[in-house]
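Summary of structural features
Listed here are the chains, written in short residue letters.
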Amino acid sequence: MTNSLSYEKTLMTSLETKIKVEKWKESLDAYKAEQYKDSFLTLLDYIDSDIRKQYGNATETSFKIPHGSIIVEIELSEALLKIKAPFLKVGNTHKIPVFRRIAELNFSPLNLAQIRFNNDELDFYYETPLHLCEPYKIYYVLEEICHKADNYDDEFKASFDVTSLYEPKVTPYNTTDLEIIWNKFNGFIAEAYEYFEYFDKERLSFFNWDVINITLKKIDYCMSPQGKLRTDIEREISNLGSQDNINIRIQKGKQFLQTLQAIPKDELLENFYVAETFIPIKSRSEIEHLKKNLEHTLKVANDEIVKADFIGATFTLLLSFYNMLYYNMVPKEVAEKTQATLEHASKQPWKEASSILFKGMTAIMNEQDLLFQTEQPKKKGFFSNLFK
């Protein structure tokens, strides 16, 4: 394996978000001017300008907004904001383990919202006086409720006697696109094992950590899994950054990829669909924010290139690019430059790959045109129709 990892274009033709950046300052300004209701409503406009008219009542005091497997119910009065998200119905058997798990989640990772039990139903709940609805805090509450409900509903249904209270509205992919997903998914994992074999043979097994990390983030970038698969991948990515010995993390990562590889086809493909989303999974980041991370990456990669450690430099740069795509919704021009750079570096010898990646990241950092150009992706298939 004398060449860099392969690159596959994302099956999603849009990496953009509905976030309206200019509305954030308006929301903050309204809050500072003690126009608390206007501040909250403008915060909704920041998230998606269609929310108020699509999901609100005539007086804009009540909203029912779908997000994945839940509906977020918001009640707004002159004095109080209430946010509720019905979660799961608890069955009649083995309730104590459910309550124990709820207590654990309410302690951590939940910070502001809490899960309540009432009439055999669980819901996420938060309320606060309207004058304390600072935009940063309220956005965090909405994010916490939406993301934690998405993350834990499959875990609860697999482990306890619970059922969904709301059937999510999802758009399934057609058979052709699902076949593409199946092949690419397994292709990424097979490629990872080829690199494991090579690096183990060359006594460079510490690079296997990079291979696992990049492979999981390639899966996310290329095909955007949902449901339990997304939750499991997120958890494993988090484990890769734990304080465990690097060899332990690599071993667990290899075992996780084996687990993914063993999932039956029909079961795996159940995790690929488009669901309605209220709060984006990824944060929107402008170029100035991204530059802080890119600057550090370029310094590390430059030191590695100077030392002729082209494998190390390639992985440093690749991981930074995939981290950027995994954690952020990036501006269109950054996404296009990133995709072009990754495409040109794909399967190139380590030295050439590190040079291409370094030049591409430098161009993003300096807001310059790339020295190379790439063909614009053609829109085709079901994914394109979804994101026109």
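Heads up: these notes are all about the structure in this document.

What counts as what
- Residues numbered from 1 in each chain as written.
- Predicted model: local features only at pLDDT ≥ 70, side-chain atom pairs only at ≥ 80, totals over all residues.
- Heavy atoms only, no water.
- Helix = DSSP H or I, 4+ residues; strand = E, 2+ residues; numbered from the N terminus.
- Rg over C-alpha atoms; globule rule 2.2 N^0.38 Å.
- Buried < 20%, exposed > 50% of the residue type's maximum accessible area, 1.4 Å probe, protein only.
- Contact = heavy atoms within 4.5 Å.
- Areas by Shrake-Rupley, 256 points an atom, 1.4 Å probe, with all protein chains shown as cover.
- Lys, Arg positive; Asp, Glu negative; His and termini not counted.
- Charge placed at Lys NZ, Arg CZ, Asp CG, Glu CD.
- Core = buried A, V, L, I, M, F, W, Y, C linked by side-chain atoms within 4.5 Å.
- Axes fitted to C-alpha atoms, helices over the stretch in contact; angles between N-to-C directions.
- Parallel < 35°, antiparallel > 145°, perpendicular 65-115°, else oblique.
- Nonpolar A, V, L, I, M, F, W, Y, C, P; charged D, E, K, R; others polar.
- Pairing = 2+ DSSP bridges.
- Arc of directions from axis to C-beta.
- Salt bridge = Lys/Arg side-chain N within 4 Å of Asp/Glu carboxyl O.

**Topic: the overall build of the protein**
Per the secondary structure count, the protein includes 15 helices and 10 strands. For 388 residues, the compact-globule estimate of 2.2 N^0.38 gives 21 Å, and the protein sits close to it at 23 Å. Counting only residues that meet the buried cut, the protein has 48% of its 388 residues in that class. At a minimum sequence separation of 6, the contacts of the protein that also span at least 24 residues come to 76%. With the model as given, the accessible surface of the protein reaches about 19400 Å², and the carbon-plus-sulfur share is 49%. Distance between charge centroids for the protein: 1 Å, based on 48 positive and 58 negative side chains.

**Describing the side chain of N271**
Structurally, N271 is set in the loop between helix 10 (265–269) and strand 8 (273–275). Here N271 is in contact with P225, Q226, G227, K228 and L229, once residues within four sequence places are set aside.

**Structural notes on the nonpolar core**
Soluble globular proteins: nonpolar side chains tend toward being buried together. Residues F185, F199, L216, M223, L260, F272 and F315 are the most contacted members of the largest nonpolar core, which totals 69 residues. Sequence-distant contacts of F199, defined by excluding residues within four places in its chain, comprise L204, S205, F207, N208, V211, I311, F315 and W350. Listed in part, the 46 residues of the second largest apolar core include L41, L76, F124 and F160.

**With respect to the environment of F188**
Residue position: F188 is located in helix 6 (residues 175–201). According to the relative accessible area criterion, F188 is buried, its value standing at 4%. Taking the C-alpha atoms as reference points, F188 and K359, separated by 171 residues in sequence, lie 25 Å from one another. Leave out the neighbours within four places in its chain, and F188 touches E8, T215, K218, I219, C222 and M223.

**Comments concerning the packing of helix 1 (residues 22–32) against helix 2 (residues 36–47)**
In the contact formed by helix 1 and helix 2, the axes pass within 8 Å of each other and the chain directions differ by 170°. Relative to helix 2, the element helix 1 is oriented roughly antiparallel. From helix 1, K23, W24, E26, S27, A30 and Y31 reach across to helix 2, where they touch Y36, D38, S39, T42, L43, D45 and Y46. When the residues that make up the contact of helix 1 with helix 2 are grouped by side-chain class, the tally is six nonpolar, three polar and four charged.

**A word on the pairing of strand 4 (residues 114–118)**
Direction of pairing for strand 4 relative to strand 5 (residues 121–129): antiparallel, over a ladder of five bridges. In the strand pairing of strand 5, Q114 is matched with Y125. Counting the residues in the hairpin turn of strand 4 and strand 5 gives two residues, including N119, whose phi is positive at 50°.

**A short note on helix 1**
Among all positions of helix 1, only W24, S27, L28, A30 and Y31 are buried. On an axial view of helix 1, the arc spanned by its buried residues comes to 160°, and they lie on one face. The exposed residues of helix 1 that point more than 90 degrees off its buried face are K25 and K32. Phi turns positive, to about 65°, at E34, one or two residues after helix 1.

**Quick look at the pattern of salt bridges**
Under the defined criterion, the tally for this structure stands at 26 salt bridges. Note that E191 and K347 form a salt bridge whose closest N and O atoms lie 3.8 Å from each other. With E191 in helix 6 and K347 in the loop between helix 13 (332–345) and helix 14 (350–365), the pair connects residues that are 156 residues apart, well separated along the chain. We classify K347 as partly exposed; its relative accessible area is 36%. Counted as one network, the salt bridges with shared partners bring together R101, E104, E155, K228, D232 and R235.

**Topic: the pairing of strand 5**
Taken together, the nine bridges between strand 3 (residues 80–90) and strand 5 define a ladder with antiparallel strand orientation. Bridge pairing links L88 to L122 in strand 5.

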